[in-house]
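Chain by chain, the residues:
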Amino acid sequence: MGNTEIVITGMGATTPLGGTVAELWEGMLALRSGVRTLTDLGFDATLPVHIAGRLAVEPEHAMPPVEARRLDRSQQAAVVAAREAWADAGAPEVDGDRLAVVIGTGIGGVQTLLAQDDVLEAAGSRRVSPRTVPMLMANAAAAQLSIEFGARAAAMSPASACASGAEAIVHAARLIECDEADIVIAGGAEAAITPLTIAGFAQIGALSKDEGDPQAASRPFDVNRTGFVLGEGAGVVILERADHARARGARTRAALSGYGITADAFHITGTDPAGVGQIKAIRKALRKADVAPADVQHVNAHATATSVGDVSEALAVREALGDHAAVTAPKGALGHLVGAAGAVEAIITALTIESGVIPATRNLDHLDPEIDLDVVVGAPRETRVQAAISNSFGFGGHNVSLLLTRV
């Protein structure tokens, strides 16, 4: 079972660059930014940060109003991405007992929680919506998709901060490897752009407080980086056994050949500056895939544009792989999608492998001398990519590395 070949047959995403995978990819290649000011959205002007990567397309517009009202914004995004991924996979016919869902989130239905707390304070408990708990609970997106697609094998919801989406893909692969499912709908969703979350992230010094051009605020690997920009979105992939995909004539986008999960056991928000856990995660992915470091041509970096985090990841990549792989950092264009980041960036990695084009890193004007890597800047780079690593790391010391290969 450990040698089960797993492939991606469908992908869906809604992000600050667009409401579909095609729009996400076009935006990445065009070096566009999805970061905007929050001033016109009614956010308190006294907040220390006034920018974020809001969704380019409102997810509620992609579904009937009654359905939208019953879902938190994060769940709406997950549903939109999952429907696109399912259609992209050819809407496979599968026994519900062999279909599973794994959707990660870092924060969950925080917009519902805060809105209903306002209702409680203003109008009393009898005015609180009976949908409050189903809309705020972290497992709601997975549960909703399980119901919609009739997935009875499992409905799981990893909550591992910014590594949640990538970790969901790992759990999905394990369900297939253990022969508990033939197909898994997997990914991550987040919609946590609220005054409270912005204030909280700002208080620990994680967010960029850049007052200049909002589209230039997220600067991964740049010597003048000032912190990450909070974003929102969802990314979903359809994973299945390769033989199952072949039997139904499905198009395969890439293979998930390896993965590694570790924990730093170091600090609740800080990154181990030596990148020890990250190195181990990458090496686990290499071992599982039986791929040598020299055979990895590309790294999709977690790179959030924090001072310590970017350097520790660069050290980890160099130690685990060497300095030959071409690196890109999508958060320069997207901002940080938290629980959705790993899934969306896995999709970007799969598209890189499929197309032979590595997107450039936006806003990287002056590479930090401590980042001793081949970071793609200026324009996309055309090159054949046979194997690529996609990294995701989260508060709490969660480390996930996915190794995707060409099929």
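Below, the structure is looked at part by part.

Thresholds, definitions, all that
Residues numbered from 1 in each chain as written. Predicted model: local features only at pLDDT ≥ 70, side-chain atom pairs only at ≥ 80, totals over all residues. Heavy atoms only, no water. Helix = DSSP H or I, 4+ residues; strand = E, 2+ residues; numbered from the N terminus. Rg over C-alpha atoms; globule rule 2.2 N^0.38 Å. Buried < 20%, exposed > 50% of the residue type's maximum accessible area, 1.4 Å probe, protein only. Contact = heavy atoms within 4.5 Å. Areas by Shrake-Rupley, 256 points an atom, 1.4 Å probe, with all protein chains shown as cover. Lys, Arg positive; Asp, Glu negative; His and termini not counted. Charge placed at Lys NZ, Arg CZ, Asp CG, Glu CD. 1 Å grid on protein atoms, 1.4 Å probe; cavity = no way out; pocket = protein on both sides within 12 Å on 5 of 7 lines; lining within 4 Å. Points joined across faces, edges and corners; volume = space filled by probe spheres on them. Nonpolar A, V, L, I, M, F, W, Y, C, P; charged D, E, K, R; others polar. Core = buried A, V, L, I, M, F, W, Y, C linked by side-chain atoms within 4.5 Å. Phe/Tyr/Trp six-rings, centres within 6.5 Å; stacked < 30°, edge-to-face > 60°. Polar contact = N/O pair within 3.5 Å; in protein donor to acceptor, adjacent residues only side chain to side chain. Pairing = 2+ DSSP bridges. Axes fitted to C-alpha atoms, helices over the stretch in contact; angles between N-to-C directions.

Quick notes on the overall build of the protein chain
- Counting secondary structure elements, the protein chain contains 13 helices and 15 strands.
- In terms of C-alpha radius of gyration, the protein chain reaches 20 Å, essentially the compact-globule figure of 22 Å for 407 residues.
- When the backbone C-alpha atoms are referred to their principal axes, the protein chain occupies close to 60 × 50 × 40 Å.
- Among the 407 residues that make up the protein chain, the fraction classed as buried is 59%.
- In the protein chain, once contacts between residues fewer than 6 apart in sequence are set aside, the share between residues at least 24 apart is 79%.
- As displayed, the protein chain offers around 15,200 Å² of accessible surface, 52% of which is attributable to carbon and sulfur atoms.
- Of the charged side chains in the protein chain, 32 are positive and 47 negative; the average position of the first set lies 3 Å away from that of the second.

Overview of the layout of surface pockets
- Size it by volume and the largest pocket reaches roughly 470 Å³.
- Taken together, 30 residues line the largest pocket, and the ones lying closest to its centre are T269, T271, T306, G309 and F395.
- Counting residues per element, the ones that place at least two in the lining of the largest pocket are α11 (307-321) and β14 (387-394).
- Across the lining of the largest pocket, the residue classes tally to nine nonpolar, 17 polar and four charged.

Notes on the nonpolar core
- Core analysis: the largest hydrophobic core is formed by 51 residues, its most contacted members being L24, I169, V184, L239 and L402.
- No other element matches the nine residues that helix α13 (residues 341-355) contributes to this core.
- With near-sequence residues (within four places) excluded, L239 lies in contact with I6, V7, I8, I169, A172, A173, I176, D182, I183, V184 and L256.

Concerning the packing of aromatic side chains
- If you walk through the whole model with that rule in mind, you get three aromatic pairs.
- Taking 5.3 Å as the distance between ring centres and 75 degrees as the angle between the ring planes, the aromatic pair formed by F201 and F228 counts as edge-to-face. With F201 in helix α8 (residues 195-203) and F228 in the loop between α8 and β7 (233-241), this residue pair connects regions lying 27 residues apart in the sequence. In this pair, the class of F201 matches that of F228, namely buried.
- On the numbers, 6.2 Å between centres and 55 degrees between planes, the contact of F201 with F395 is tilted. In this pair, F201 sits in helix α8 while F395 sits in the loop between β14 and β15 (398-405), placing the two residues 194 residues apart along the sequence.
- Here F395 falls in the partly exposed class, since its relative accessible area comes to 29%.
- One aromatic cluster is present, built from ring pairs that chain together F201, F228 and F395.

Quick look at the side chain of D222
- Relative to the elements of secondary structure, D222 occurs in the loop between α8 and β7.
- One polar contact links the side chain of D222 to the main-chain amide nitrogen of N224, over a distance of 2.8 Å.
- Within polar-contact distance, the side chain of D222 engages the backbone nitrogen of H366 at 2.7 Å.
- In this structure, D222 is in contact with N363, L364, D365, H366 and D368, ignoring residues within four places of it in sequence.

Observations concerning empty space enclosed by the protein
- In the structure shown here, the tally under the stated rule is one cavity of 30 Å³ or more.
- Roughly 60 Å³ of volume is contained in the largest cavity.
- Taken together, S74, Q75, I103, G104, T105, G108, G109, M137, A138, A141 and A189 make up the lining of the largest cavity.
- Split into classes, the residues belonging to the lining of the largest cavity amount to five nonpolar, six polar and no charged.

Focus: the pairing of strand β6 (residues 183-190)
- Extensive coverage of β6 is indicated by the burial of eight of its eight residues.
- Of the two faces of β6, the one lined by I183, I185, G187 and A189 and the one lined by V184, A186, G188 and E190 are each fully buried.
- Strand direction decides the pairing type here: strand β4 (residues 99-104) and β6, joined by six bridges, are parallel. Across the sheet, the residue bridging to I103 is G187, located in β6.
- The pairing of β6 with β7 spans eight bridges and is antiparallel. By the bridge assignment, G187 is partnered in β7 with V236.

Notes on the sheet that holds strand β1 (residues 6-14)
- The sheet built from 11 strands is open, its strands ordered β5-β4-β6-β7-β1-β8-β15-β14-β9-β10-β12 with mixed pairing. Across the chains shown, the open sheet's two edge strands, defined by having one partner strand only, are β5 (154-156) and β12 (374-375).
- The pairing of strand β10 (residues 326-328) with β12 spans two bridges and is parallel. Residue V327 lies in a different strand from β12, and its bridge partner there is V375.
- Lying over the sheet, helix α6 (residues 140-149) contacts β4, β5 and β6, oriented at roughly 155 degrees with respect to β4.

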